[in-house]
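Chain by chain, the residues run as shown.
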Amino acid sequence: MGSGYEGQPDCWTRAAELAAKHRALLPRRGERVAVVGSGASYAMAQAYAALREAGGHGETDAFSASAFLYGREYDRIVALTRTGAAPVMLRLLGKVHGSVPSVVITAAPDAPDIADHTLRLDFTAEPSTTPATRFPTTVLALLRAHLGENMDDATDDAQEAIEEPLPHILFGARQFTFLGTGWTYGLAEAAAQLMRDNAGTWAQAYQEPEYRPGPPSPDQITWVFGTAPDRLTAAVKAAGGTLITSARDPLAELVRVQRVALAGAARTAA
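I will try to describe carefully the structure that is included in this document.

Parameters and conventions
Residues numbered from 1 in each chain as written. Predicted model: local features only at pLDDT ≥ 70, side-chain atom pairs only at ≥ 80, totals over all residues. Heavy atoms only, no water. Pairing = 2+ DSSP bridges. Helix = DSSP H or I, 4+ residues; strand = E, 2+ residues; numbered from the N terminus. Axes fitted to C-alpha atoms, helices over the stretch in contact; angles between N-to-C directions. Contact = heavy atoms within 4.5 Å. Core = buried A, V, L, I, M, F, W, Y, C linked by side-chain atoms within 4.5 Å. Buried < 20%, exposed > 50% of the residue type's maximum accessible area, 1.4 Å probe, protein only.

1. Details of the sheet that holds strand β9 (residues 242–244)
And step 1. Spatially, β7-β6-β8-β9 is the arrangement adopted by the 4 strands of the open sheet, whose pairing is parallel. The open sheet has two free edges, formed respectively by β7 (202–207) and β9, since each of these has just one partner strand. Going across the sheet, the axis of each strand differs from the next one's by a mean of 20°, ignoring polarity.
And step 2. The pairing of strand β6 (residues 175–180) with β7 spans 6 bridges and is parallel. Across the sheet, Gly180 pairs through a bridge with Gln207, a residue of β7.
And step 3. Across the sheet, helix α7 (residues 184–199) touches β6 and β7, and the angle it forms with β7 is around 175°.
And step 4. Against the sheet, helix α8 (residues 230–238) engages β6, β8 (220–224) and β9, with an angle of about 145° to β9.

Written as structure tokens, this is what we have:
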């Protein structure tokens with residue numbers, strides 16, 4: 001398996017296999033579910049919650065681990081945590097223990113058992129000093145497979161996203177706006193966070209229907225997860241910016257953003 005973002009296609013394939021093997025640990029159709037995470041894991045929680053509800057699987061709320069609403073009733077809590085040891089997650093799961101069934105999905109092979117069940121994606125583990133690439137996307141691949149999606153095409157798209165040369169304009173841009181609709185808004189949030197935290201670049205995320213380009217700026221990249229409507233294409237062109245779209249699976253498109261963010265981080269460190 002490759003390292004960093006290069007290993008993601010293999011990770012997604014393994015995650016789909018685990019989704020079938022551990023189906024009983026994950027939310028059942030009709031359950032009312034809370035999904036919690038921090039950082040990129042929270043963005044994946046948002047994406048999963050939107051997908052699960054849209055597919056008619058049951059009410060699903062996504063929370064940042066620090067903003068969980070304890071007064072609500074849930075049939076199951078799904079906690080997404082790369083390290084499995086974040087204090088905020090330990091407190092949350094400690095408070096709900098014995099009252100709500102819970103499952104932790106983590107990358108850490110030695111993470112403590114802080115929930116009723118633990119699903120370890122140890123093959124996604126990366127050094128804590130490096131940006132998380134494999135774990136967030138693999139978590140969402142696992143959860144999508146559990147919802148009944150076939151991830152083969154997404155995995156193929158991810159391999160293309162790793163191998164395909166990136167447009168040169170992405171490396172000189174100073175502003176990034178990422179757009180999504182429904183479940184892909186979570187991916188847009190993850191993308192903006194990647195650029196801010198790793199490349200030190202100004203970046204924001206919007207629900208696509210709510211976005212309006214600002215003043216003309218040739219340094220502005222508008223990156224859409226999904227299909228761009230004609231009005232958006234025209235608006236970005238009028239503002240002098242660059243519109244990035246793709247027919248790939250949106251999760252695979254996030255891999256391309258990872259490549260740009262990590263390249264930016266390398267330039268900053270040089």
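Still more ground to cover, so stick around.
2. Let's talk about the nonpolar core
And step 1. The biggest cluster of nonpolar side chains holds 64 residues, and the ones touching the most others in it are Ile105, Phe176, Phe178 and Leu254.
And step 2. When neighbours within four sequence positions are excluded, Phe176 is seen to be in contact with Leu170, Met195, Thr201, Trp202, Ala203, Gln204, Gln220, Ile221, Trp223 and Val260.
And step 3. Ala34, Phe63, Leu93 and Val96 belong to the second-largest nonpolar core, a separate cluster that totals 16 residues.

3. Looking at the pairing of β6
And step 1. Counting buried positions over the 6 residues of β6 gives 5, a clear majority of the element.
And step 2. In the sheet, β6 pairs with β8 via 5 bridges, with the strands oriented parallel. In the strand pairing of β8, Phe178 is matched with Trp223.

4. Re the environment of Ala238
And step 1. When you line up the elements, Ala238 lands in helix α8.
And step 2. When the C-alpha atoms of Ala238 and Pro215 are compared, they prove to be 9.7 Å apart, with 23 residues separating the residues in sequence.

5. Points about the environment of Cys11
And step 1. On the secondary structure map, Cys11 appears in helix α1 (residues 8–21).
And step 2. Classification of Cys11 as buried rests on a relative accessible area of 0%.
And step 3. Sequence-wise, Cys11 and Ala141 are 130 residues apart; in three dimensions their C-alpha atoms are separated by 8.8 Å.

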